[in-house]
Structures are given as structure tokens and as C-alpha cells.
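A structural walkthrough
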Amino acid sequence: MPDTVEALYEEADRLYYDGDLDRAAEVYKRILEIDPDYQPAVHSLGIIHYDQDDYGPAVDYMQRALVLDPDDVYVHSNLGKSLYGMVHMGDREQAETIARDWMRRFPKNRIARHMGAAVTGDSLPDRANDAYVAQTFDEFADTFEEKLEELEYKAPALLAEALKRHVTDDGLRILDAGCGTGLCAPLLAPMARRLEGIDLSEEMLALARKRKLYKRLDKAELTDALASRAGRYDVVVAADVLCYFGALEAIFAAMRKSLKKGGLLALTLETDTLPAPFHLNISGRYVHDGGYVESALAEAGLEIVEQTVETLRTEYAEPVTGLVLVAVRS
Ligand SMILES: C[S@@+](CC[C@H](N)C(=O)[O-])C[C@H]1O[C@@H](n2cnc3c(N)ncnc32)[C@H](O)[C@@H]1O
């Protein structure tokens, strides 16, 4: 076995990426015997526990890694995911205590703010902030499509089918709002004269770009970007994107503004009957009250022409149902 910390770390990483998590963990621990403050090894041990659904130790290692490097955005992100796992395994009280402490220690950190609120229910934000979204999806980009296939993700196909029932020609100017890696693109391209995409994550956009199906891709926040695109689109599609928005008034108004008269908005949303307009789930995604969605659309001047309840994907092997909805700019 090598004996410098750097060489050991390289060896441990190789074992980790080969899928030998137990031996990788042994080498990361060996590093900590030599240098107990070697932050990358502390973080990596947290990741291994997370990968093994062992969320308590994962959270402990992430917290220790944050003491050693308070600015490491990857550790913040992994702490959020580990706390989500902890709640999922039934340890809500402990997860809430740790999340409150995390938010108190890092009041300016935007990942702590969003995921802390998701775990504790405190200080509910109106939408997932830009830094949280960009960090989450930059990290997720490489494995996104593989993961969504595992989750039997159907939103793009369901939206394309719904749209086909309402569009009358194939020369449309279409915006894929929150396009991600471009899973909707092959389904939308046959209807489009010009297909554009907007997303906050550079890594997701880089994969969308490789498809060569979009005429234009912009790294931008949707609400802001659409404000300056009045009357531009025949169709705006938001597949699994509005679950990163709690309050829908501003984004619906911006989407409506960007549509031509008679233009269509096609979206998916996870809905329920709630005592409030929306709820932030421990996953960091919002669930909306069905009645609220309808009234927010009407208020924005968008008239529902079709809505169905479908299974959109799975989460922890359970089906997740949601709305597939098409509305017209009235
Ligand atoms: C779950 S992915 C869905 C991607 C794609 N629509 C699909 O169906 O595969 C959600 C995407 O929305 C983007 N997103 C979330 N909030 C956003 C915002 N406010 N502005 C722009 N993009 C946003 C994320 O970066 C991410 O790529």
C-alpha cells in the first residue's frame, strides 16, 4: 500500500470508482490515521455511508468535513441529501436538530437555507434559490439520465403526447423551460421550427448542447429570462421543473407573457390536497395544492385545456403521481 496521504487518496478513489466501497473506506480511514484532518477523506467516508443508505454516520462525516472546510459546496449538498435520507429512515427529530444547527451556523449558505427549510419546515422559501438549483443539477448532470431511467421517468413522453392533441402544425417556436440535459428535445423537435432551452445548470446545458436539437440554449433563471421575451413562443414546456417553485404566480405570469396569443403552456406538477398553496418536501422539491395550481393559472390568464393525473416517476420505489397539464394563453 502507498504511504503518502496523496497516494493513498488516489488509491482509495480508484477503489471507490471501481465499486469496492468497503476497501475504499479502509484506505480513507488509513489516511485519517496519518492525518485526522484530511478533509477529502472525511468527506469521502461520508459519501460511502450515504451510498450504503447509512445516513447517521454519513451526516456525522459531512458535519466533520464542514468543520474542516466550511466553504465546500459539495459537502453542504451531501449533508442536505444525507439529512433527507435520515428523515426517510424515520429519524426526523435528529435530522431536524442537525438541520437547524446547520442553518444557524451557515446563515448565508444557500444550500443550507433550502435543504434546511425542507427538513425542518422553518422559513419556507418561495422557490428553490438559484445557487441551490445550479449546484444540485451540476452535480447530478453526469448520472441524471441513467438515474431517471431507473426512476421510470415519464414526464417528457406524457407532455409530448398531451401537446400533440392540441397543436395544429409542426412549425412551432418552442421553449423547453428548465430543459436539463434535453430529454424532451427529441420529442419536441418534430413539432418545432425552432426549439430553445433555458436552464440554471451549466453541466445540464452542456449535455443538452450535445444533442444538437436546440437552436438556442441559455444559462438563466426562468422568471427573469422570460420577462424579456414577450410574445415569443407558440409553446412553453416545463417538464418536472415547477417542483422547484413554491409560489407559482410570478413564473406563470412570466410564462404567459412569453407566449404568443393562443400559445400553449404544457407542464407537470406533483399535487395533493393541502391546507396551504404549497409544501416543501424533505427532498427539496415542492408539492402543490391542486386548487391553488388552477387558481394561479387563471389569475395569470392561462386557461386549462387538458389535465390528467399520471404516474410521473418513482421515489424510493413508490410511484409518484402528478398533473400533466396543458393551458392556453387566453
Ligand atoms: C428535474 S430537471 C428536469 C429537466 C428536464 N425538463 C427533463 O424533463 O428532463 C429540472 C431542471 O430545472 C432546472 N431549473 C430549476 N429551477 C430553475 C429556474 N428557476 N430557472 C431555470 N432552470 C431551473 C434545473 O436546473 C434542472 O435542470
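Residues numbered from 1 in each chain as written. Predicted model: local features only at pLDDT ≥ 70, side-chain atom pairs only at ≥ 80, totals over all residues. Heavy atoms only, no water.

In terms of regular secondary structure, the protein chain is built from 14 helices and 10 strands. Whereas a compact globule of 330 residues would reach a radius of gyration of roughly 20 Å, the protein chain reaches 21 Å, a difference of no more than 12%. Overall, the C-alpha framework of the protein chain stretches about 65 × 45 × 35 Å when taken along its three principal axes. Split into buried and exposed, the 330 residues of the protein chain put 54% on the buried side. By sequence separation, contacts in the protein chain at least 24 residues apart represent 59% of the contacts at least 6 residues apart. Accessible area for the protein chain stands at about 15000 Å²; split by element, carbon and sulfur atoms hold 49% of it. (Helix = DSSP H or I, 4+ residues; strand = E, 2+ residues; numbered from the N terminus. Rg over C-alpha atoms; globule rule 2.2 N^0.38 Å. Buried < 20%, exposed > 50% of the residue type's maximum accessible area, 1.4 Å probe, protein only. Contact = heavy atoms within 4.5 Å. Areas by Shrake-Rupley, 256 points an atom, 1.4 Å probe, with all protein chains shown as cover.)

Attention shifts here to the site of the ligand. Every one of the 22 residues lining the ligand counts as a neighbour, but Tyr 153, Gly 178, Asp 199, Glu 221 and Ala 239 are closest to it. Residue Gly 178 places a main-chain N or O atom 2.8 Å away from a nitrogen atom belonging to the ligand. Leu 222 is positioned with one of its backbone polar atoms (N or O) 3.0 Å from a nitrogen atom of the ligand. In isolation the ligand offers 590 Å² of accessible surface; the protein chains occlude 99% of this area. (Near = heavy atom within 4 Å. Polar contact = N/O pair within 3.5 Å; in protein donor to acceptor, adjacent residues only side chain to side chain.)

The next point concerns the domain arrangement of the protein chain. In terms of domains, the protein chain is made up of domain 1 (5–123) and domain 2 (140–329). Centre-to-centre separation of domain 1 and domain 2, based on C-alpha positions: 32 Å. At the junction of the two partners, domain 1 supplies 11 residues and domain 2 supplies eight residues. Summed over both partners, the interface of domain 1 with domain 2 comes to about 820 Å²; 65% of that surface belongs to carbon and sulfur atoms. Our count for the domain 1 to domain 2 interface comes out at zero salt bridges. Counting every contact that joins domain 1 to domain 2 gives two residue pairs in polar contact (both at pLDDT 80 or more). Of all the secondary structure elements, the ones that give two or more residues to the side of domain 1 that touches domain 2 are α5 (73–88) and α7 (110–120). For the side of domain 1 that touches domain 2, the element with the highest residue contribution is α7, accounting for five residues. (Domains from an automatic or database assignment. Buried area = accessible area lost by both parts, 1.4 Å probe. Salt bridge = Lys/Arg side-chain N within 4 Å of Asp/Glu carboxyl O.)

This model, assessed by the stated rule, comprises 11 aromatic pairs. Look at Phe 137 and Phe 144: their rings are 6.4 Å apart centre to centre, the planes differ by 65°, and that puts the pair in the edge-to-face class. Assigned by exposure class, Phe 137 and Phe 144 land together as buried. Aromatic pair Phe 137 and Tyr 244: ring centres 5.4 Å apart, planes at 85°, arrangement edge-to-face. Note that Phe 137 is positioned in helix α8 (residues 130–150) and Tyr 244 in the loop between β4 (233–238) and α13 (249–258), a separation of 107 residues in sequence. Note on accessibility: Phe 137 and Tyr 244 belong to one class, buried. An aromatic cluster of at least three residues, connected via ring pairs, comprises Phe 137, Phe 140, Phe 144 and Tyr 244. (Phe/Tyr/Trp six-rings, centres within 6.5 Å; stacked < 30°, edge-to-face > 60°.)

This part takes up helix α2 (residues 21–34). The end-to-end C-alpha distance of α2, which contains 14 residues, comes to 20 Å, matching closely the 20 Å that a straight helix rising 1.5 Å per residue would cover. All buried positions along α2 are accounted for by Leu 21, Ala 24, Ala 25, Val 27, Tyr 28, Ile 31 and Leu 32. Down the axis of α2, the sector holding all buried residues measures 165°, keeping them to one side. In α2, the exposed positions that point more than 90 degrees away from the buried face belong to Asp 22, Glu 26 and Glu 33. (Expected span 1.5 Å × (residues − 1). Arc of directions from axis to C-beta.)

Bridge count between strand β9 (residues 302–315) and strand β10 (residues 318–329): 12 bridges; the pairing is antiparallel. The partner of Leu 302 across the bridge, within β10, is Arg 329. As consecutive antiparallel partners, β9 and β10 are separated by two residues, and within that stretch Tyr 316 has a phi angle of approximately 45°, a positive value. (Pairing = 2+ DSSP bridges.)

Attention now goes to the environment of Tyr 132. Positionally, Tyr 132 belongs in helix α8. The class for Tyr 132 is buried, based on a relative accessible area of 6%. Sequence separation of Tyr 132 and Arg 110 is 22 residues, and the distance between their C-alpha atoms is 6.0 Å. Apart from residues no more than four positions distant in its own chain, Tyr 132 is found in contact with Arg 110, Ile 111, His 114, Met 115, Ser 283 and Gly 284.

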